[in-house]
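# Topology and contacts: notes
Residues per chain, in single letters:
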Amino acid sequence: MTHNTDRNLPLFERAKAVIPGGVNSPVRAFKAVGGTPRFIERAQGAYMWDANGQRFIDYIGSWGPMILGHGHPAVLEAVQKAALEGFSFGAPTEREIELAEAIIALVPSLEMVRLVSSGTEAGMSAIRLARGATGRSKIIKFEGCYHGHADALLVKAGSGLATFGSATSAGVPPEVVQHTVVLEYNNITQLEEAFALHGADLACVMIEPIAGNMNFVRASVPFMRRCRELCSQYGALLVFDEVMNGFRVALGGAQSVYARDIPGFEPDLTVMGKVIGGGMPLAAFGGKRAVMEQMAPLGAVYQAGTLSGNPVATACGLATLRAISQPGFFESLSASTRRLVDGLMAAAAAEGVPFSADCEGGMFGFFLLPELPSNYGQVMRSDGARFNRLFHGLLDRGVYIAPALYEAGFVSAAHTAQDIDDTIAVARDVFKTL
Ligand SMILES: *Cc1c(COP(=O)(O)O)cnc(C)c1O
């Protein structure tokens, strides 16, 4: 690829003139890894092509939604048909019921859901509902978990448990984050101390069960069990942010994975997005009827949306959920992901690169660390410079992983064994250069 034929660079310059940083979501700018973002022209199956016509094997999958790969025929057909029937009505449609029913059928903790347009919106609304339902203000979140960019959730840990977090973004007043307690992920002692201190004022604990916004870090089973026990004991709601995990790590989401080890385990509220829209702007939050009926127009917790339950988005989501509900879908997807992770670990070991990796369903993560980390502090011990060389080495050779070491990766049903083996061979080449 010579520079005078590189179309990405002039596109990036043009974008920067009219869009802050040239992107509409910060991570796309390649700031962490350096270099020029690839402007994508089209995608099909497991592949994307950039403005230079270079092909990439795609392990981002739009950050999770493209679980079937790009341009799945059944999804495409559903979207085309829906588009012909109308883009948006601002009135209820039968397809919203069908999608709500489909989601509820797959996740036993849900009796009702409300459809919205983004994970941020769903998370923000779930917090409002938790506060409205409990009549309490305080919330617990964990360092390294991302729940969208609502003000109260853009918070990092304060200096101690009695002090509240501080905002991670300018423009968030301290008053808005004063009710947000930020704790270390997987730290049971801190969790117990925080409940002892704030338990009676806590509306909810919000958690990414398998955290995908600090690469891939599982909440341990004992930690999750303690989250559930303490929430029940103090009357706080346990809110699972399954925007990334839901319909991705298993058909029943991460909660079904924890229910294998913790009999009867259920969160009180679940926040969903990504896969349920199949690549269209669609998200949801839901829970038991008694809590969900506190939403307007039945209850006092207000929430609304012009494009909520959009007919084209619901068609896309519904077709996606139907395809992933086919018998054997998750067994096959999990086997592909496992093949990738095992192959990468073997290639790294062969080249003497410290490496650890984990996966569940169609989601994976790897670290240039000898052991899997269990919290954000440990994740951040990764060698950033080395990761960046790995990232660019893979990208130059046609393998597209997330451009930051704190992001998870995604395998789709369109990735063939050959795609995965090609990826492993490319990775081994790059490992040699690290
Ligand atoms: C992506 C994500 C969100 C935010 O969803 P958007 O649709 O980007 O607003 C929230 N929580 C988690 C766990 C996510 O991965």
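Residues numbered from 1 in each chain as written. Predicted model: local features only at pLDDT ≥ 70, side-chain atom pairs only at ≥ 80, totals over all residues. Heavy atoms only, no water.

The name given to the chain in an unreviewed UniProt entry is Glutamate-1-semialdehyde 2,1-aminomutase, and the organism recorded there is Giesbergeria anulus. The Pathway (unreviewed entry) comment attached to the chain in UniProt states, word for word, "Porphyrin-containing compound metabolism; protoporphyrin-IX biosynthesis; 5-aminolevulinate from L-glutamyl-tRNA(Glu): step 2/2." Taken directly from UniProt, the Sequence similarities (unreviewed entry) text for the chain runs: "Belongs to the class-III pyridoxal-phosphate-dependent aminotransferase family. HemL subfamily." (UniProt positions renumbered as here; feature names shortened; annotations may be inferred.)

## Observations regarding the nonpolar core
Residues Ile103, Phe142 and Phe247 are the most contacted members of the largest nonpolar core, which totals 110 residues. Inspection of this core shows a minimum of three residues originating in each of domain 1 (8–71 + 327–433) and domain 2 (73–324). Not counting residues up to four positions away in its chain, the partners in contact with Phe247 are Ile67, Ile103, Leu106, Val107, Gly253, Met272, Val275, Ile276, Leu321, Ile324 and Phe330. Within the second largest apolar cluster, 22 residues are counted, among which are Ala126, Ile139, Leu153 and Cys204. (Core = buried A, V, L, I, M, F, W, Y, C linked by side-chain atoms within 4.5 Å. Buried < 20%, exposed > 50% of the residue type's maximum accessible area, 1.4 Å probe, protein only. Domains from an automatic or database assignment. Contact = heavy atoms within 4.5 Å.)

## What about the layout of surface pockets?
Regions of empty space are outlined by a rolling probe, equal in size to a water molecule, passed over the atoms. The space that makes up the second largest pocket amounts to roughly 470 Å³. Lining the second largest pocket are 20 residues, and of these Val113, Arg114, Leu115, Ala296 and Pro297 sit closest to its centre. Elements with a minimum of two residues in the lining of the second largest pocket: α3 (94–106) and β4 (112–116). Counting residues per element, the lining of the second largest pocket draws most heavily on β4, at 4 residues. Here the residues of the lining of the second largest pocket sort into 12 nonpolar, 4 polar and 4 charged. (1 Å grid on protein atoms, 1.4 Å probe; cavity = no way out; pocket = protein on both sides within 12 Å on 5 of 7 lines; lining within 4 Å. Points joined across faces, edges and corners; volume = space filled by probe spheres on them. Helix = DSSP H or I, 4+ residues; strand = E, 2+ residues; numbered from the N terminus. Nonpolar A, V, L, I, M, F, W, Y, C, P; charged D, E, K, R; others polar.)

## Overview of the site of the ligand
The environment of the ligand is formed by Ser118, Gly119, Thr120, Tyr146, His147, Gly148, Glu208, Asn213, Asp241, Val243, Met244 and Lys274. A distance of 3.2 Å separates an oxygen atom of the ligand from a polar side-chain atom of Asn213. In the model, a nitrogen atom of the ligand is placed 2.7 Å from a nitrogen or oxygen of the Asp241 side chain. Taking 380 Å² as the accessible area of the ligand by itself, protein coverage stands at 82%. (Near = heavy atom within 4 Å. Polar contact = N/O pair within 3.5 Å; in protein donor to acceptor, adjacent residues only side chain to side chain. Areas by Shrake-Rupley, 256 points an atom, 1.4 Å probe, with all protein chains shown as cover.)

## A look at the environment of Tyr376
Among the secondary structure elements, Tyr376 is positioned in helix α12 (residues 376–379). Here the alpha-carbon distance between Tyr376 and Asp201, two residues 175 residues apart in the chain, equals 26 Å.

## A few points about the pairing of strand β12 (residues 237–242)
Counting buried residues in β12 gives 6 out of 6 residues, a clear majority hidden from the surface. The alternating pattern of β12 places Leu237, Val239 and Asp241 on one face and Leu238, Phe240 and Glu242 on the opposite face, and all of these are buried. Both strand β9 (residues 202–207) and β12 contribute to a ladder of 4 bridges, which runs parallel. Bridge pairing in β12 places Val205 opposite Leu238. One ladder, built from 4 bridges, connects β12 with strand β13 (residues 269–272); its direction is parallel. Its bridge partner being in β13, Val239 is matched across the sheet by Leu269. In this view, the connection linking β12 to its parallel neighbour β13 by way of helix α8 (residues 253–261) has right-handed handedness. (Pairing = 2+ DSSP bridges. Right-handed = clockwise from strand over helix to strand, strands pointing away.)

## Points about the sheet that holds strand β16 (residues 363–367)
On the basis of which strands lie adjacent, the open sheet formed by 3 strands has the order β15-β16-β18 and antiparallel pairing. The sheet terminates laterally at β15 (356–360) and β18 (409–410), the two strands that pair on one side only.

## Considerations on the UniProt feature "modified residue: N6-(pyridoxal phosphate)lysine" (unreviewed entry) in the chain
UniProt marks Lys274 with the feature "modified residue: N6-(pyridoxal phosphate)lysine" (unreviewed entry), using the numbering shown here. One can find Lys274 in the loop between β13 and β14 (283–287). Owing to a relative accessible area of 24%, Lys274 belongs among the partly exposed residues under this scheme. With sequence-adjacent residues up to four places away left out, Lys274 is seen in contact with Trp63, Pro65, Val243, Met244, Gly279 and Leu282.

## Examining the domain arrangement of the chain
A common way to express how large an interface is: the accessible area buried when the components associate. By domain assignment, the chain separates into domain 1 (8–71 + 327–433) and domain 2 (73–324). The C-alpha-based centres of domain 1 and domain 2 are spaced at 25 Å. Contact residues are listed per partner, giving 31 residues for domain 1 and 33 residues for domain 2. When the two sides are added together, the surface that domain 1 and domain 2 hide from each other amounts to roughly 2600 Å², 62% of it contributed by carbon and sulfur. (Buried area = accessible area lost by both parts, 1.4 Å probe.)

## Here we look at the packing of aromatic side chains
Within this structure, the stated rule accounts for 14 aromatic pairs. Aromatic side chains Phe56 and Tyr400 sit 5.5 Å apart centroid to centroid with 75° between the ring planes, which places their arrangement in the edge-to-face category. Residue Phe56 is found in strand β3 (residues 55–58), and its partner Tyr400 is found in strand β17 (residues 399–400); the two are separated by 344 residues along the sequence. The pair formed by Phe56 and Tyr400 is uniform in burial state, with each residue classed as buried. Both rings, one in Phe329 and one in Phe330, keep their centres 5.4 Å apart while their planes meet at 70°; by these two values the pair is edge-to-face. Owing to a relative accessible area of 11%, Phe329 belongs among the buried residues under this scheme. One cation-aromatic arrangement involves Arg42 over Trp49; the distance from NZ or CZ to the ring centre is 4.0 Å. If you follow Arg55 out to its NZ or CZ, it ends over the ring of Tyr47, 3.8 Å from the centre. (Phe/Tyr/Trp six-rings, centres within 6.5 Å; stacked < 30°, edge-to-face > 60°. Lys NZ or Arg CZ within 6 Å of the ring centre and 35° of its normal.)

## A look at the pattern of salt bridges
Following the criterion strictly, the structure yields 19 salt bridges and no others. Close ionic contact of Arg226 with Glu192 constitutes a salt bridge, the shortest N to O distance being 2.6 Å. Taken together, the residues span a long stretch of sequence, with Arg226 in helix α7 (residues 221–234) and Glu192 in helix α6 (residues 188–198) at a distance of 34 residues. You can call Arg226 partly exposed: its relative accessible area is 21%. Owing to a relative accessible area of 33%, Glu192 belongs among the partly exposed residues under this scheme. Among the charged side chains, a network of salt bridges with common partners joins Arg218, Arg260, Asp358 and Glu360. (Salt bridge = Lys/Arg side-chain N within 4 Å of Asp/Glu carboxyl O.)

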